[in-house]
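Breakdown of the fold
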Amino acid sequence: MGRTEAVRTNMKECVAVSSEVPVIGTTMLAERFHAATREVTLEEVPVPRPGPGQVLIRVAFCGICHSDLSLIDGNFPASVPVVTQGHEVAGTIVKLGPGVDQWKVGDRVIPSAGAACLRCRNCLRGNFAACLRLNLMAFAYDGGWAEYVVSGAIGCSRIPDNVPFEQAALLADAVSTPFAAVVRTARVHLGNAVGIWGVGGVGTHLVQLSRLAGGTPIIAVDINDAALERARRLGADYAFRSDDPDLQVRITEATGGRMLDVAFDAVGITATASQAIYNLDTNGQVVTVGMSAQHIDAGSFMEFSLLRKQVKGHLGYQVQDIQILTELLSLGRLDLSESVSAIVPLSEIHRGIEMLQEKVGNPIRILVQP
Ligand SMILES: [Zn+2]
Ligand SMILES: [Zn+2]
């Protein structure tokens, strides 16, 4: 990846927010991804203006996600020539666009990371959650690795007073995607034997949320001992290495012979999906959350059909899932304090990206602080 560190050319005015009237400068620091060269630069850009139905948010924290890295390394196609990355934002509303009266300046919110296209066949039927051409923040329009970000007023979720911004920033993908996988796609319920392949950033939250949903037992499978130990700490009843030749025997013992009702593949490669499918009970289901270009091998038709196994793909979350997660955090049912692995200042965004690329310290989430 080619990189140029842009020098901040003009000092912007000091940006301070008093109790009610925020002072907003005219320019701000923002990370910019240039599709033609795949360069990531830090630039001084104009502070965006919220249009009708939009709000301007001062970013408190924004997560660094694997999908951000995928845009940089070319695995995700660029949809615009230049864009500010970062789609996992928590911050404070500092300005309302024309017509916005649902929010007020000073409200703490998590903006939605996507906007429905309002044109596809699902949007035309009013099924906006199933939009086929979702405009994604940080891909189709500017995201939150910047001091300010513009978002639609509809789709913002209020952050309860007792929920810190650091944990709120995790909800706009890193925790909401696992939430939707557990609650909506897999429908984990009390007594389900749950296996989770890959207990990194996504898988760790699958462990916590499966436990909250009543999964019994919860079995973490990974190749990394430190990740397995962390999964045990955060709620897994058992933690097994994926390269253990006796893995199936261990899962048989851990489940009293009934095997898994639900297995999440948070890695998304042929080997992990096959292991997960192989260890299912009758009517068991594998939900794939991880992604790669590899293929799924579900074994023989004979066994797959005889045991009535299922494989389901999962993607994303609904905005209402973020709201439910803020309630779980506020009520103390869910603790994400261990999920903030590191915080880097926006001026050191390159270091943050590198830390995730190199998996420095086995991170769950690295946050950027403008
Ligand atoms: Zn993300
Ligand atoms: Zn649409």
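Please read these numbers as outputs of a predicted model, since none were measured by experiment.

Things to note about the coordination of the zinc ion (ligand 2)
Taken together, Cys117 (SG), Cys120 (SG), Cys123 (SG) and Cys131 (SG) make up the full set of protein donors to the zinc ion (ligand 2), lying 2.3 to 2.4 Å away. Its four donor atoms give the zinc ion (ligand 2) angles of 103 to 119° at the centre, a pattern that matches the tetrahedral case. Mapping the donors of the zinc ion (ligand 2) onto the primary sequence yields the spacing C-x2-C-x2-C-x7-C. The buried category is assigned to Cys117, whose relative accessible area is 9%. Among the residues examined, Cys123 registers a relative accessible area of 5% and is labelled buried.

Let's talk about the domain arrangement of the protein
Partitioning the protein into structural domains gives domain 1 (16-172 + 318-369) and domain 2 (176-313). Between domain 1 and domain 2, roughly 1,400 Å² of surface is buried when both sides are summed, and carbon and sulfur atoms account for 55% of that area. When the buried surface of domain 1 facing domain 2 is broken down by residue, Glu338, Asn362 and Ile364 rank first, second and third, together holding 39% of it. Between domain 1 and domain 2 we count two salt bridges in total. A class-by-class count of the residues in the side of domain 1 that touches domain 2 yields 10 nonpolar, four polar and four charged.

Here's the deal with the pairing of strand S15 (residues 238-241)
Note: strand S14 (residues 218-222) against S15, four bridges, orientation parallel. Residue pairing across strands places Ile219 opposite Tyr238, the latter belonging to S15. Remark: the S14/helix H6 (residues 225-233)/S15 crossover connection has right-handed handedness.

Here we look at helix H11 (residues 349-357)
Where H11 is concerned, the buried positions are Ile349, His350, Gly352, Ile353, Met355 and Leu356. Of the residues flanking the end of H11, it is Lys359, one or two places downstream, whose phi is positive at about 55°.

Digging into the coordination of the zinc ion (ligand 1)
Distances from the zinc ion (ligand 1) to its protein donors, Cys65 (SG), His87 (NE2), Glu88 (OE) and Asp173 (OD), fall within 1.8 to 2.3 Å. For the zinc ion (ligand 1), the four donor atoms are set out with angles of 100 to 117° between them, so the coordination reads as tetrahedral. Taken in sequence order, the residues that donate to the zinc ion (ligand 1) follow the motif C-x21-H-E-x84-D. Each of the two residues, His87 as well as Glu88, counts as buried.

Quick notes on the environment of Asp281
Turning to its location among the elements, Asp281 is positioned in strand S17 (residues 280-288). Residues Asp281 and Ser339, 58 residues apart in the sequence, show an inter-C-alpha distance of 31 Å. Those residues in contact with Asp281 that sit more than four places away from it in its chain are Arg258, Met259, Leu260, Asp261 and Leu307.

With respect to the packing of aromatic side chains
Scanning the model with the defined rule gives two aromatic pairs in all. In this structure, Arg108 is placed above the aromatic ring of Phe165, and the distance from its NZ or CZ to the ring centre is 4.3 Å.

Section: the packing of helix H1 (residues 66-73) against H11
Look at H1 against H11: their axes get within 11 Å of each other, and the N-to-C directions meet at 100°. On the basis of their axis angle, the class for H1 and H11 is roughly perpendicular. From H1, His66, Leu69 and Ile72 reach across to H11, where they touch Ile353, Leu356 and Gln357. Looking at the contact of H1 with H11 residue by residue, the class counts come to four nonpolar, two polar and no charged.

Digging into the sheet that holds S14
Read from one edge to the other, the open sheet built from six strands follows the order S15-S14-S13-S16-S17-S18, with strand pairing classed as parallel. If you trace the sheet from one side to the other, it starts and ends with S15 and strand S18 (310-313), each paired once. In this sheet, neighbouring strand axes are inclined to one another by 20° on average, regardless of whether the strands run parallel or antiparallel. Bridging between S17 and S18 involves four bridges; their strand directions are parallel. Residue pairing across strands places Gln285 opposite Gln310, the latter belonging to S18.

Quick look at the side chain of Thr288
When you line up the elements, Thr288 lands in strand S17. Its relative accessible area of 13% is what places Thr288 among the buried residues. Those residues in contact with Thr288 that sit more than four places away from it in its chain are Asp265, Ile296, Val311, Lys312, Gly313 and His314.

Structural notes on unusual backbone geometry
Cis geometry is found at the peptide bond from Thr216 to Pro217, where omega equals -10°. Looking at where Pro217 falls in the secondary structure, it is placed in the loop between helix H5 (201-212) and S14. Backbone geometry at Asp173 places phi at a positive 155°, although glycine is not the residue there. By the element assignment, Asp173 lies in the loop between helix H3 (165-169) and helix H4 (176-185). Assessed through its relative accessible area of 16%, Asp173 is described here as buried. Phi is positive for Asn362, which is not a glycine, with a value near 55°. Here Asn362 shows up in the loop between H11 and strand S20 (365-369).

Notes on the environment of Ile277
For Ile277, the position within the fold is in helix H8 (residues 270-278). In sequence terms Ile277 and Leu325 are 48 residues apart; their C-alpha atoms lie 29 Å from each other. Every residue in contact with Ile277, bar those within four places of it in the chain, is listed here: Val286, Ile296, Asp297, Ala298, Phe304, Lys309 and Val311.

Procedures and definitions
Residues numbered from 1 in each chain as written. Chains lettered and ligands numbered in written order. Predicted model: local features only at pLDDT ≥ 70, side-chain atom pairs only at ≥ 80, totals over all residues. Heavy atoms only, no water. Donors = N, O, S within 2.8 Å, 3.2 Å for Na, K, Ca; no water. Tetrahedral: all angles 85-135°; square planar, octahedral: opposite > 155°, others 65-115°. Buried < 20%, exposed > 50% of the residue type's maximum accessible area, 1.4 Å probe, protein only. Domains from an automatic or database assignment. Buried area = accessible area lost by both parts, 1.4 Å probe. Salt bridge = Lys/Arg side-chain N within 4 Å of Asp/Glu carboxyl O. Nonpolar A, V, L, I, M, F, W, Y, C, P; charged D, E, K, R; others polar. Pairing = 2+ DSSP bridges. Helix = DSSP H or I, 4+ residues; strand = E, 2+ residues; numbered from the N terminus. Right-handed = clockwise from strand over helix to strand, strands pointing away. Contact = heavy atoms within 4.5 Å. Phe/Tyr/Trp six-rings, centres within 6.5 Å; stacked < 30°, edge-to-face > 60°. Lys NZ or Arg CZ within 6 Å of the ring centre and 35° of its normal. Axes fitted to C-alpha atoms, helices over the stretch in contact; angles between N-to-C directions. Parallel < 35°, antiparallel > 145°, perpendicular 65-115°, else oblique.

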